[in-house]
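What the coordinates show
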Amino acid sequence: MNDKLILEVFIEVDFKSVSQLEGDAGGVVMIPFGGTARGEIFSGTVLPGGTDTQTVDLNGVRHMSARYMLEGTDSAGETCRIYIENTGHFPKDAPMPFKTVPIFRTDSKALAPYLHRAAFRGEGHSVEDRLVIRFYEVTQ
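Description of the structure in this document. (Residues numbered from 1 in each chain as written. Predicted model: local features only at pLDDT ≥ 70, side-chain atom pairs only at ≥ 80, totals over all residues. Heavy atoms only, no water.)

**Here's the deal with the environment of isoleucine 84**
- One can find isoleucine 84 in strand E7 (residues 79-91).
- Given a relative accessible area of 0%, isoleucine 84 falls into the buried group.
- With 39 residues separating them along the chain, isoleucine 84 and threonine 45 place their C-alpha atoms 13 Å apart.
- In contact with isoleucine 84, not counting residues within four places along its chain, are Ala66, Arg67, Tyr68, Leu70, Ile103, Phe104 and Phe135. (Helix = DSSP H or I, 4+ residues; strand = E, 2+ residues; numbered from the N terminus. Buried < 20%, exposed > 50% of the residue type's maximum accessible area, 1.4 Å probe, protein only. Contact = heavy atoms within 4.5 Å.)

**Some remarks on the nonpolar core**
- Core analysis: the largest hydrophobic core is formed by 24 residues, its most contacted members being Val9, Phe42, Tyr68, Leu70, Ile82, Leu115 and Phe135.
- Breaking this core down by element, the ones donating at least two residues are strand E1 (4-13), strand E3 (26-38), strand E4 (42-46), strand E6 (61-74), E7, strand E8 (98-106) and strand E10 (130-137).
- Each residue touching isoleucine 82, except ones within four places of it in the same chain, is listed here: Phe42, Tyr68, Met69, Leu70, Phe104, Arg105, Thr106, Leu111 and Leu115. (Core = buried A, V, L, I, M, F, W, Y, C linked by side-chain atoms within 4.5 Å.)

**What to know about the pairing of E8**
- Residues of E8 alternate between two faces, with Phe98, Thr100, Pro102, Phe104 and Thr106 buried on one and Lys99, Val101, Ile103 and Arg105 left unburied on the opposite face.
- By the bridge criterion, 6 bridges tie E7 to E8 in an arrangement that is antiparallel. Within the sheet, the bridge partner assigned to glutamate 85 lies in E8 and is isoleucine 103.
- As defined by bridge partners, E8 adjoins strand E9 (residues 120-127) across 3 bridges and the pair is classed as antiparallel. The partner of lysine 99 across the bridge, within E9, is glutamate 123. (Pairing = 2+ DSSP bridges.)

Geometry only, nothing functional implied.
Now the structure itself:
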């Protein structure tokens, strides 16, 4: 696969604010986070409010949905924001990297035509005891 790396998000988890429950139908954990982002298309920070919500069903399948907003500078040097909804599902103890499907929205005039129309994929990597999300443009 020759997919092109376009952006990395370096996650900083707010461990004191993690919420979770275990019930008859499985478990839920909500993980608030911040962090930074950098790549060829954008450089900036994760705004407050980013949360990764993960559910584990009775079959041991983990469903994750991370939603967050970045603020920074686009590839044209303009200030902008990028909203990311990153979802995936995998076995509870899946090996790294885990795979995701991201959706992007932005107010960047330079990035909107690209982020709103191209196909992308994500990967979650453990790097030096830290989570790094890498986004790739899917090429054929």
